[in-house]
Each structure stands twice: as structure tokens, then as C-alpha cells.
2 protein chains.
Amino acid sequence: MKVGFVGFGEVASELSRGLIDEGVNVLTCVDGRSSKTQKLAKQSGAKLCLRNRDVAEEADILISSVTPEMAISVAYELGKLSKGIYVDINNVSPETVKKSLSLVENHKVVDAAIIGSVHKKGHKVQIIASGNSAEDFSKLNDFGFNIKIVGSEIGQASAIKMLRSSYTKGVSMILWETVFAAYKLGLDKEVLNIIAETEGPNFEESAKSRLISSAFHSKRRSEEIIEVKDFLSQINESLMVQSTENIFELIFKRLGKLDERPANYQEIFKLFDLENK
Amino acid sequence: MKVGFVGFGEVASELSRGLIDEGVNVLTCVDGRSSKTQKLAKQSGAKLCLRNRDVAEEADILISSVTPEMAISVAYELGKLSKGIYVDINNVSPETVKKSLSLVENHKVVDAAIIGSVHKKGHKVQIIASGNSAEDFSKLNDFGFNIKIVGSEIGQASAIKMLRSSYTKGVSMILWETVFAAYKLGLDKEVLNIIAETEGPNFEESAKSRLISSAFHSKRRSEEIIEVKDFLSQINESLMVQSTENIFELIFKRLGKLDERPANYQEIFKLFDLENK
């Protein structure tokens, strides 16, 4: 079995490392890409093809893992050449994935979405998949992948990812607003402690990590939440998502890009509060 | 030790039942109250005094558990008569509890707040307490109470309760918005399932219960969240709380008062969606 990657950023590099360790042949093409990407690909042990079209023609499973803006143009270029199944694992909306996969001429397509951190979990990260070839794609579970089939239609996996994102980002901003107010009153520890009594033992650690991540990734998250809002607004009024977006923007506006992941949320709140003066 | 209750609604009746079972003397006065309250009090085994002032003068611990609007007037009437410690356990804002307890002339005061459901847990429900006499109040833990001291100042316990309420109600409305959108797409089960993979094993059950409770108690919750918003807005911008309020109001507007707790959230969403047409 040959697995081809179009694009070789963090997702492709983490997933292919796992596959190669399990003895799977991995192909990619890094011609014209940055020296960092070229280095990553060479170190990985993947076979390096001259052109993306060679990857598309040779792979049994072709995984498109490019920047969101590139998803459709890559499908336009390679969709007519793909011989095996074509998996769009890009971080894009259901609408975009429908467009991109409609360009795959053999109609063997999978809408895939990564849930959680590929950085932390490598190729064992949870992947959800929908589409007529999701079952074929899930054969990678024999090589350590953690693919879960969530439906037969293109757009379902991406929709589930968006909805999950609405929940997790919304909870982070509820925490932000609540714990910041508590911090201003000197009651943040007590409030986290009391909520933990009903929310369970992992609550405090998870809450702190959400506060820190929200500040550290505020730029990316405020971009992502706009996509989520656009998607949810087509279905229903989206008041919580709107407030979530506004607070992420405010965090980025006040704190800017942080060089390092802060050690604790109090440090972040201190800065957030100062910037308010 | 004698514990006196002013007001004999659900809170007083549940708490006194536990105390009486543990052999504590309980006093109250139900003169002029509804026949339902009179019956509750008679059944409880509490000693029935003729006047609230008799309760105030005789009790070692006097617990004010009346409707929120009554908290201050009760303190005005009884604060000068209270011989022991005066505990305000009413569901009121930090500002209101400060006003009420400033009327207690011997200055032995406790700001107390119930966390969770006294209906489900009886006198073992979590109670948080702050103020100079919180430690004396916490002696009721010897009789099965679950009092946790959270600070020495009046207003702290009530503030923590408000902040917790901002979190729990906010999370409920995030769930409402997210799971309703998922329901419209036929993906609600999958979305709950995927979120549960990272949120832990109790997530699904707790999410469903939050959705159902939000609809069943939408009137009370939309009233409570206004108090929470007023409190938080004094500290900081409160965008999430504002959206939380708006959705609770929308739920009550569309569903009205439900006679029975619905068995599942799908039933509620169906109705919520229909009322949108």
C-alpha cells in the first residue's frame, strides 16, 4: 500500500512518520517548497517524487494536507489524476470540502478531519471521516491510525469538526470571561475549585490549559472561529459563537502574538487587564 | 444548639429535615404563611414559634431563607434582635447580601450560598460560606452539613455562586446552540460522541441533562442570568453572559412553561424549531 501526501506541513509530517514506522510506503513531493519543508520530508524517509501528479498517480490513498486556501486548487490539479482514493484532511468548511472533492473524477473520496492535537498524538490522533471511501481510508487503522467513520456523505466529518470547535472555543471564552472576573475579585482559585466539585476531577487542569491556549493561539483561534460562525449562521442564529469570536479578537488585540506559551493564566490576565487601561 | 429558619420554603424544609434527623433543635415561624408551608413545617418536627422575632431571639444560628426580594426587609426586622449568628443563604447578589448583613447589629454574620440541588442532596448539599462567623456556622458540619468556608468577607460566597452560575449557564447555552445546529443537520449524536472523546466519560449524560434542564427551567434561569449579568458587568464586559441571557429568553419565549421535564432533548429541539416557523 502506498500513501501519498500533497503538502508536507505538520500534519503530513506527523502522519507519515507513524506510517513509515509501521512499514508503509509514503510518497510526497516537496519540489519548490521551503527548505524547512524539504528537510522535514527528507528526514522522514518518504519517497520524494518530482511532481505532485506523480504522487497522485502512484498513491493508493492520496491525502491532501495543504493550507486551507489551497484545498480547492490542489483538487482541481490532481482530482483528475488520482487513481486511488482522495482524502481531503484540510482544515476547511463543509462547503469547501464539497467543492474540492467534486473535482475528483473517479469519485473515490473521503472528507476527513483531525480532532485534537497531531503535535501531541502523532499518527494516533483521532481522525473522523465521511464519504463513500471512508471505509477504505480506515484501513490505515491497521497501521496505528485512529480513524472513525461518522457518515457516508462528504461534508459530515467537516461539519462535526466545526460543531465541536464551536463547543470547545465557546467553553474557553466562557471560562475566560468568568475566571477573569473572578481574578479581578481575587476569587479565581475558589471559583475554579467550586466548579470542579460538580464538573469532575479534570476540570481545573483542563480549564487552566484552555485559558493559556486561548491566549497563546488567539490569532489562529479568532480566524478559525470566523469559519465556524459562517457555517453555523447558515443553520441558526449564532449568538454564543459571535461572542466567542469577539472575545478571541479582543484577546489578540490586547495581547498580540505571544512568543512563548505562558506558564499560568494569572500572568495572562495581568497583561490583559493592563492593556485595558 | 438551636437553629432557626426565617422562611420555610424548599431550602429551609430540606435543611431542617436533615438537622432534626441528627437531633438538632429547629425553630421556625409560619404564622400567616400558605397552608402548604404550614403543613410542611408541622410535618418537619420543627418547633413553631408565634413570631419571627421569637425565632431570632432564641436561635444560636438564624438562617434567612426567604424569597430574594425579602432578604433585606427580613434583615431590617430581625437584624437588631438576632442573638446568635445570622446567616443569609438567600439567592441574592453580593451587593444585596452586603446590605442585608449590614443590618445585623451584633455583627455576627455569614454570607452563605447553596451550590447544586438541595432537592436532590438535602442537607448534604454543598454550601459555601464567607464572613466573620463562617467558622461558627460550619459547626453544622458535625450534623451532616457540607459547609465550605471560602473567605472572611461578606459578599465572597455570593460572588463565587454568581461566577459559577455564569459558567454553568454559559456552558448550557453553548451546548444548546451547538447541539441544536447539529440536530438540524442530523449529526447531534455524532457531535456529542466526538466531544465526549476529549471531555471525558460523563460528558454526554451531563450535556443531555443540561439541555433538558435549560428548557424545563428556562424562566427561572433567564431571571437568574440577569442578576449574574448585572454583577459581572460591573467588573468587566460580559459578552458571553449577554448571549447566554438572550438564548435563555428565546427558549422561554418559544417553549413557554413546560408542565413536565421532557424525556429527551430531541423532543425539545423539535418544538423549539417548530416555534421558529
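Positions within a chain are numbered from 1, following the residues in the order the chain's sequence is written. Chain letters and ligand numbers both follow the written order, the letters beginning at A and the numbers at 1. Confidence filtering applies because this is a predicted model: local features only for residues at pLDDT of at least 70, side-chain atom pairs given and counted only at 80 or more, and all residues used for totals across whole chains, interfaces and linings. With hydrogens and water set aside, each side-chain value is computed from the structure's full complement of heavy atoms.

1. A look at the sheet that holds strand S5 (residues 85–88) of chain B
Residues and elements named next belong to chain B.
- Read across the sheet, eight strands follow the order S3-S2-S1-S4-S5-S6-S7-S8 without closing on themselves; strand pairing throughout is mixed. The open sheet has two edge strands with one neighbour each: strand S3 (47–48) and strand S8 (146–151).
- Bridging between strand S4 (residues 61–64) and S5 involves four bridges; their strand directions are parallel. Residue pairing across strands places serine 64 opposite aspartate 88, the latter belonging to S5.
- Contacts from helix H4 (residues 71–78) reach strand S1 (2–6), S4 and S5 within the one sheet, and its direction differs from that of S5 by about 170°.
- Contacts were defined at the residue level, with two residues in contact if any of their heavy atoms lie within 4.5 Å. Only the stretch in contact is used when fitting a helix axis, every axis being a line fitted to C-alpha atoms; angles between N-to-C directions are given from 0 to 180 degrees. A helix here means a DSSP run of H or I that spans at least four residues, while a strand means a run of E at least two residues long, and both kinds are numbered starting from the N terminus. Relative to the sheet, helix H8 (residues 156–184) contacts strand S6 (109–115), strand S7 (126–130) and S8, its axis offset from that of S6 by approximately 20°. At least two DSSP bridges between two strands are needed for those strands to be called paired.

2. Concerning the interface of chain A and chain B
- In this assembly, 50 residues from chain A lie in contact with 50 residues from chain B.
- When two components associate, each loses some accessible surface as probed by a 1.4 Å sphere; the sum of these losses over both components is called the buried area. When residues of chain A are sorted by the area they lose upon contact with chain B, Tyr167, Glu177 and Met240 of chain A head the list and together hold 17% of the total.
- Criterion for a salt bridge: a side-chain nitrogen of Lys or Arg within 4 Å of a carboxyl oxygen of Asp or Glu. Our count for the contact surface shared by chain A and chain B stands at four salt bridges.
- When the shortest N-O distance is used, the salt bridge between arginine 210 of chain B and glutamate 199 of chain A registers 2.6 Å.
- Nitrogen and oxygen atoms within 3.5 Å of one another constitute a polar contact, given that in protein one can donate a hydrogen and the other can accept it, and given that sequence-neighbouring residues count only through two side-chain atoms. The interface formed by chain A and chain B contains 19 residue pairs in polar contact (both at pLDDT 80 or more).
- Mapped onto the side of chain A that touches chain B, the elements with two or more residues apiece are strand S7 (126–130), strand S8 (146–151), helix H8 (156–184), helix H9 (188–199), helix H10 (203–216), helix H11 (218–233) and helix H12 (239–255) of chain A.
- Any residue outside Ala, Val, Leu, Ile, Met, Phe, Trp, Tyr, Cys, Pro, Asp, Glu, Lys and Arg is labelled polar, Gly included; the first ten of those are nonpolar and the last four are charged. Of the residues assigned to the side of chain A that touches chain B, the class counts are 28 nonpolar, 13 polar and nine charged.

3. Observations concerning the nonpolar core
- Joining through side-chain atoms within 4.5 Å is the link that ties buried Ala, Val, Leu, Ile, Met, Phe, Trp, Tyr and Cys residues into a set, and such a set is a nonpolar core. Burial here depends on accessible area, computed with a 1.4 Å probe over protein chains only, as a share of the maximum for the residue type. Under 20% is buried, over 50% is exposed, and the range in between is partly exposed. Of all hydrophobic cores here, the largest spans 93 residues; its most connected members are Trp176 of chain A together with Trp176 of chain B.
- When residues no more than four places from it in sequence are discounted, the contact partners of tryptophan 176 of chain A are Leu211, Ser214, Ala215, Ile247, Ile251, Leu255, Ile268, Phe269 and Phe272 of chain A.

4. Notes on the packing of aromatic side chains
- Between the rings of Phe, Tyr and Trp (Trp by its six-membered ring), a pair exists once the centres lie within 6.5 Å; its type follows the angle of the planes, with under 30 degrees stacked, over 60 edge-to-face, and the other angles tilted. In the structure shown here, the tally under the stated rule is 16 aromatic pairs over all chains.
- Residues phenylalanine 180 of chain B and tyrosine 183 of chain B carry aromatic rings whose centres are separated by 6.2 Å and whose planes lie at 25° to one another, so their mutual orientation is stacked. Highlighted residues: phenylalanine 180 of chain B and tyrosine 183 of chain B, both in helix H8, separated by three residues, approximately one helical turn.
- Judged by its relative accessible area of 22%, tyrosine 183 of chain B is partly exposed.
- Through a chain of ring-to-ring contacts, the aromatic side chains of Trp176, Phe180, Tyr183, Tyr265, Phe269 and Phe272 of chain A assemble into a single cluster.
- Only when the NZ atom of a Lys or the CZ atom of an Arg is both within 6 Å of the ring centre and within 35 degrees of the ring normal do we say a charge sits over the ring. Above the face of the phenylalanine 216 of chain A ring, lysine 257 of chain A is positioned so that its terminal group lies 5.7 Å from the ring centre.
- Taking NZ or CZ as reference, lysine 80 of chain B lies 5.2 Å from the ring centre of tyrosine 76 of chain B, over its face.

5. Some remarks on the sheet that holds strand S6 (residues 109–115) of chain A
- Spatial ordering of the open sheet is given by S3-S2-S1-S4-S5-S6-S7-S8 (chain A), a layout of eight strands whose pairing is mixed. Of all the strands in the sheet, the pair left with one neighbour each is strand S3 (47–48) and S8 of chain A.
- Alignment of strand S1 (residues 2–6) of chain A against strand S4 (residues 61–64) of chain A, held across four bridges, turns out to be parallel. Note on S4 of chain A: the bridge partner recorded for valine 6 of chain A is serine 64 of chain A.
- Its contacts with the sheet put H8 of chain A on S6, S7 and S8 of chain A, and the angle it makes with S6 of chain A is roughly 20°.
- Strands in contact with helix H9 (residues 188–199) of chain B are S6, S7 and S8 of chain A; relative to S8 of chain A, the strand with the most contacts, it is inclined by about 160°.

6. A closer look at the environment of lysine 47 of chain A
- The topology assignment puts lysine 47 of chain A in strand S3.
- Taking the C-alpha atoms as reference points, lysine 47 of chain A and glycine 4 of chain A, separated by 43 residues in sequence, lie 9.2 Å from one another.

7. Overview of the state of the cysteines
Residues and elements named next belong to chain A.
- The criterion for a disulfide is a pair of cysteine sulfur atoms lying within 2.5 Å. The tally for this structure, following the rule as stated, stands at zero disulfides over all chains.
- Among the cysteines around cysteine 49, which has no disulfide bond, cysteine 29 carries the closest sulfur, lying 7.0 Å off.
- Among the residues examined, cysteine 49 registers a relative accessible area of 10% and is labelled buried.

8. Here's the deal with the side chain of aspartate 188 of chain A
All names here are of chain A.
- By the element assignment, aspartate 188 lies in helix H9.
- Under the counting rule used here, the positive set is Lys and Arg, the negative set is Asp and Glu, and His together with the chain ends is not counted. No salt bridge forms around the buried aspartate 188; measuring N to O, its nearest opposite-charge neighbour lysine 189 is 6.2 Å away.
- Separated by 2.6 Å, the side chains of aspartate 188 and tyrosine 265 make a polar contact.
- With near-sequence residues (within four places) excluded, aspartate 188 lies in contact with Val179, Ala182, Tyr183, Tyr265 and Gln266.

9. A closer look at the packing of H9 of chain A against H10 of chain A
Residues and elements named next belong to chain A.
- Where H9 contacts H10, the axes come no closer than 9 Å and their chain directions differ by 125°. Accordingly, the angle class assigned to the pair H9 and H10 is oblique. Here Leu192, Asn193, Ile195, Ala196 and Glu199 of H9 come into contact with H10, specifically with Phe203, Glu204, Ala207 and Lys208.
- Class assignment of the residues belonging to the contact of H9 with H10 gives a composition of five nonpolar, one polar and three charged. An angle below 35 degrees is read as roughly parallel, one above 145 as roughly antiparallel, one from 65 to 115 as roughly perpendicular, and any other as oblique.

10. Description of the relation of the copies chain A and chain B
- Superposition of the copies used a least-squares fit over C-alpha atoms from residues whose pLDDT is at least 70 in both. Superposing chain A onto chain B takes a rotation of 180° plus a shift of 0.0 Å along the axis, which leaves an RMSD of 0.0 Å. The two molecules are tied by a two-fold rotation axis, judged by turn and shift.
- With an isologous cut-off of 70% or more, the 100% of interface residues of chain A that recur at the interface of chain B puts this contact in the isologous class.

11. Focus: the pattern of salt bridges
- All told, the structure shown has 28 salt bridges over all chains when counted by the stated rule.
- A salt bridge links lysine 148 of chain B to glutamate 197 of chain A, with the shortest nitrogen-to-oxygen separation between them at 3.3 Å. Here the residue lysine 148 of chain B occupies a position in strand S8, and glutamate 197 of chain A occupies one in helix H9, the pair thus bridging two chains.
- For lysine 139 of chain B, the salt bridge is made with aspartate 136 of chain B, and the minimal N-O distance between the two is 3.2 Å.
- Given the relative accessible area of 47%, lysine 139 of chain B is considered partly exposed.
- One network of salt bridges, in which partners are shared, links Lys2, Lys47 and Glu58 of chain A.

12. Describing unusual backbone geometry
Residues and elements named next belong to chain A.
- For histidine 107, which is not glycine, the phi torsion reads 60° and is therefore positive.
- Relative to the helices and strands, histidine 107 is located in the loop between helix H5 (94–101) and S6.
- Residue classification places histidine 107 among the exposed residues on the basis of a relative accessible area of 54%.

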